[in-house]
Amino acid sequence: MKVRENVVKIGLCSTSLMAVAALFIVVAYVFFNGAGIINLSFLLESPYRFEYGGIFPQIIGSLCLVGICLLFAVPLGVASAIYLVEYAPDNIVTASVRFFIECLAGIPSIVIGLFGLVFLVYRLGLGISMLSGGLTLGFMILPWTVRASEEAIKTVPYSYMEASLALGASKWQSIYGVILKSAYPGIITGILLGMGKAMGETAVVLLTAGSGLESFLPQSILDPVASLPVYIYMLATQGHTEASYSRAFGASLVLITMFLIISMFAMFLRNRYITRNSGF
Amino acid sequence: MNHEEIEISVKNFNLWYADNQALKNINLDIPRRRITALIGPSGCGKTSFIRCLNRMNDLIPTVRTEGEMLLNNENINHKDVDVVSLRKKVGMVFQKPNPFPSSVFENVAYGPRIHGEKNKQQLAQIVEESLKNAALWDEVRDRIDRSALSLSGGQQQRLCIARTLAVHPDIILLDEPCSALDPISTSKIEDLMVKLKEHYTIIIVTHNMQQAARVSDYTAFFLHGKIIEFDETKKLFKKPKEKSTEDYITGRFG
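As annotated in an unreviewed UniProt entry, chain B carries the name Phosphate transport system ATP-binding protein and is attributed to Candidatus Argoarchaeum ethanivorans. Under the UniProt heading Subcellular location (unreviewed entry), the entry covering chain B gives this text: "Cell inner membrane".

Where an unreviewed UniProt entry is consulted, chain A appears under the name Phosphate transport system permease protein PstA, with the organism given as Candidatus Argoarchaeum ethanivorans. Taken from UniProt, the Sequence similarities (unreviewed entry) comment for chain A reads in full: "Belongs to the binding-protein-dependent transport system permease family. CysTW subfamily."

The following block contains the structure:
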């Protein structure tokens, strides 16, 4: 019995080590291949063909796209979640809407990108632009923000709602003043996950926002915009030289780092909020 | 009873959860600025009853009521009654302390704020006054910006009372407010209730017979959704008229 326990323990331990190692290898590979190219001019200059220049427009472009995406998806997602949890009647229609949202989360991004291209870019005439890209990314992460906000709102104890109503607050005052405040850390986590997806998304952006190699900064939201994932895709598929591969890795490293920094900042906000309100 | 001013008058009141009748033909006059205790075994309808007094039962879709509950000659359960202003008049403290996960100050200021008080000084004054009235000020004055969840259970419950007082209600409903508290915190809350009845009408649901006997002026004994007996607490405990009341308060069932 004892032996069996140990075999299981060692077996599980080694598989988890392998999982960690696999992830580590990817990150380490990116790091060693990309770190060499990163310097100030790589970060602050514009690209020139595949092998020259920096990735400044790509960094700014990615940030702008994610910004528009969040501006669109977060208010809409949180509002829908509030409606679904607090107001929607408990019936078949609500259940179907929930199921539908769950299914939407599983649609491949290339399909959403195609929709963005045909509907936003051509039909609505927004063109290949920052706005089209950001909105399409927003469509992509919308189900995720709805789901995450819904879960976060559901975990707020019912006794808070009761206490607030008993003080003569209206339902909306209770939701706004108590429920959302308590759900805030969970909602932030959901937004973060969505943001991570949007930031690394390639297919959608490739179809709706720009070709990735733009060497200029967008002047308006209707201009095409560069982005890191599409830049990486272009260099990896069209470059075919050592220099372009190492640039692709450099850009990847920047992308990962940007995501880490934003995540850490959001975690910091979240934890500060939690400690301030939990009293320990 | 005749010499008392009546705050709430309940007439022929019935309540159903779907098909299940939880309150049967309740008639009760609750005197102003007195403590009225509701006692009885679990499931006898006490909590259902007080949750009608501030319409918290509205949150349960299957609830149906019949009969009258008159507060200032207005039927509380009439569909045209403004629930928000009713709940402002009829405050409630729950069984489990449920402060909001924010600071002590924010907890107490929440009510006045939603009712339109914006002036910071005014708010600070209301908070201090309410905490003093809830006998909590001296314990929290140095940590009013700390989280309410860092307080002990008894302090949290008094904070919940302070939060209720801050809205300036006429009536305070307490639903087993001490059931989750230790004896010392319990006696603090009991002292507080006795002090508060100078200005407020207090209705308390309790499973603690001694508590009812100690603090209340009037006691109603509920059983199977009916009021079996209602009288001055002294009389009811000393010389109950009904056999089942006697059995219950002497601990023979319940």
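A.B. asks: In this structure, what is going on with the pairing of strand β1 (residues 6-17) of chain B? I would like to understand it.
C.D. replies: In summary, the side chains of a regular strand alternate between the two faces of the sheet. Residues and elements named next belong to chain B. As judged from the eight bridges shared by β1 and strand β2 (residues 20-31), these two strands associate in the antiparallel manner. If you follow W16 over to β2, its bridge partner there is Q21. Between β1 and β2, which follow one another and run antiparallel, lie two residues, and A18 among them has a positive phi close to 50°. Both β1 and strand β4 (residues 63-71) contribute to a ladder of eight bridges, which runs antiparallel. Each residue of the ladder has a partner; that of L15, found in β4, is T65.

A.B. asks: Help me out: how do you make sense of the UniProt feature "domain: ABC transmembrane type-1" (unreviewed entry) in chain A in this one?
C.D. replies: Listed under "domain: ABC transmembrane type-1" (unreviewed entry) in the UniProt record, and renumbered for this structure, are residues 59-266 of chain A. Secondary structure content for residues 59-266 of chain A is 79% helix and 0% strand, and the end C-alpha separation is 19 Å.

A.B. asks: I'm lost on the packing of helix α7 (residues 158-166) of chain A against helix α8 (residues 171-200) of chain A in this one. Help?
C.D. replies: Each packed pair of helices is defined by two parameters, the angle between the axes and the distance between the axes. Residues and elements named next belong to chain A. Relative to each other, α7 and α8 sit at 145°, their axes nearing to 9 Å. Considering the relative orientation of α7 and α8, their crossing is right-handed. Where α7 approaches α8, its residues Y160, M161, S164 and L165 are matched on the opposing element by K171, S174, I175, V178, I179 and S182. Partitioning the contact of α7 with α8 into residue classes produces six nonpolar, three polar and one charged.

A.B. asks: In this structure, what is going on with the interface of chain A and chain B? I would like to understand it.
C.D. replies: Interface size is commonly expressed as the accessible surface area that is lost when the partners come together. At the interface, 21 residues of chain A touch 26 residues of chain B. Where chain A abuts chain B, roughly 1,800 Å² becomes buried across the two surfaces, and 61% of that area is made up of carbon and sulfur atoms. Inspection of the region where chain A meets chain B yields one salt bridge. The residue R51 of chain B makes a salt bridge to E162 of chain A at a minimum N-O spacing of 2.8 Å. For the pair chain A and chain B, the interface holds five residue pairs in polar contact (both at pLDDT 80 or more). Of all the secondary structure elements, the ones that give two or more residues to the side of chain A that touches chain B are α7, α8 and α11 (242-278) of chain A. At eight residues, the largest contribution of residues to the side of chain A that touches chain B is made by α7 of chain A.

A.B. asks: What is the right way to look at the pairing of strand β9 (residues 218-223) of chain B in this model?
C.D. replies: Residue and element names in this part refer to chain B. For β9, the tally of buried residues reaches six of six residues, placing the bulk of the element in the interior. Judged by which residues are buried, β9 turns out to be covered on both faces: Y218, A220 and F222 on one side and T219, F221 and L223 on the other are all buried. Sheet analysis places strand β3 (residues 35-39) next to β9, joined by four bridges and oriented parallel. Looking at β9, one finds that A37 is bridged to T219. Here β9 folds back onto strand β10 (residues 226-232) in antiparallel fashion, the turn holding two residues, of which H224 has a positive phi close to 50°.

A.B. asks: I keep staring at the nonpolar core and nothing clicks. Help me out?
C.D. replies: The nonpolar side chains of a soluble globular protein tend to be buried with one another. All names here are of chain B. Ranked by internal contacts, the top residues of the largest apolar core, which has 101 residues, are F49, I50, L53 and I203. For L53, the contacting residues outside a window of four places in its chain are I8, M69, I76, L86, V90, L173 and I203. Within the second largest apolar cluster, 43 residues are counted, among which are A37, V108, C160 and L223.

A.B. asks: Where do I start with the sheet that holds β4 of chain B in this structure?
C.D. replies: Here we have four strands laid out as an open sheet, ordered β2-β1-β4-β5 (chain B), and antiparallel in their pairing. Since the sheet does not close on itself, it has two edges, and those belong to β2 and β5 (74-75) of chain B, each with one partner.

A.B. asks: Explain the layout of surface pockets here, please?
C.D. replies: Unfilled space is identified by rolling a water-sized probe across the atoms. Residue and element names in this part refer to chain A. For the second largest pocket, the calculated volume is near 560 Å³. As for the second largest pocket, its lining consists of 22 residues, and the residues nearest its centre are V85, E86, Y158, M161 and K171. Only α3 (56-87), α4 (92-104), α6 (130-154), α7 and α8 provide two or more residues apiece to the lining of the second largest pocket. With four residues, α3 is the largest single contributor of residues to the lining of the second largest pocket. Here the residues of the lining of the second largest pocket sort into 14 nonpolar, one polar and seven charged.

A.B. asks: Explain the packing of α3 of chain A against helix α10 (residues 228-239) of chain A here, please?
C.D. replies: All names here are of chain A. Between α3 and α10, the least distance of the axes is 8 Å, while the angle of their chain directions is 135°. Judged on the interaxial angle alone, α10 and α3 are oblique. Counted together, Q58, I59 and S62 of α3 and L228, P229 and Y231 of α10 form the full contact between these two elements. Residues of the contact of α3 with α10, tallied by class, amount to four nonpolar, two polar and no charged.

Here is what the cut-offs are and how they apply
- Residues numbered from 1 in each chain as written.
- Chains lettered and ligands numbered in written order.
- Predicted model: local features only at pLDDT ≥ 70, side-chain atom pairs only at ≥ 80, totals over all residues.
- Heavy atoms only, no water.
- UniProt positions renumbered as here; feature names shortened; annotations may be inferred.
- Pairing = 2+ DSSP bridges.
- Helix = DSSP H or I, 4+ residues; strand = E, 2+ residues; numbered from the N terminus.
- Axes fitted to C-alpha atoms, helices over the stretch in contact; angles between N-to-C directions.
- Left-handed = near helix turned anticlockwise from the far one by under 90°.
- Contact = heavy atoms within 4.5 Å.
- Nonpolar A, V, L, I, M, F, W, Y, C, P; charged D, E, K, R; others polar.
- Buried area = accessible area lost by both parts, 1.4 Å probe.
- Salt bridge = Lys/Arg side-chain N within 4 Å of Asp/Glu carboxyl O.
- Polar contact = N/O pair within 3.5 Å; in protein donor to acceptor, adjacent residues only side chain to side chain.
- Buried < 20%, exposed > 50% of the residue type's maximum accessible area, 1.4 Å probe, protein only.
- Core = buried A, V, L, I, M, F, W, Y, C linked by side-chain atoms within 4.5 Å.
- 1 Å grid on protein atoms, 1.4 Å probe; cavity = no way out; pocket = protein on both sides within 12 Å on 5 of 7 lines; lining within 4 Å.
- Points joined across faces, edges and corners; volume = space filled by probe spheres on them.
- Parallel < 35°, antiparallel > 145°, perpendicular 65-115°, else oblique.

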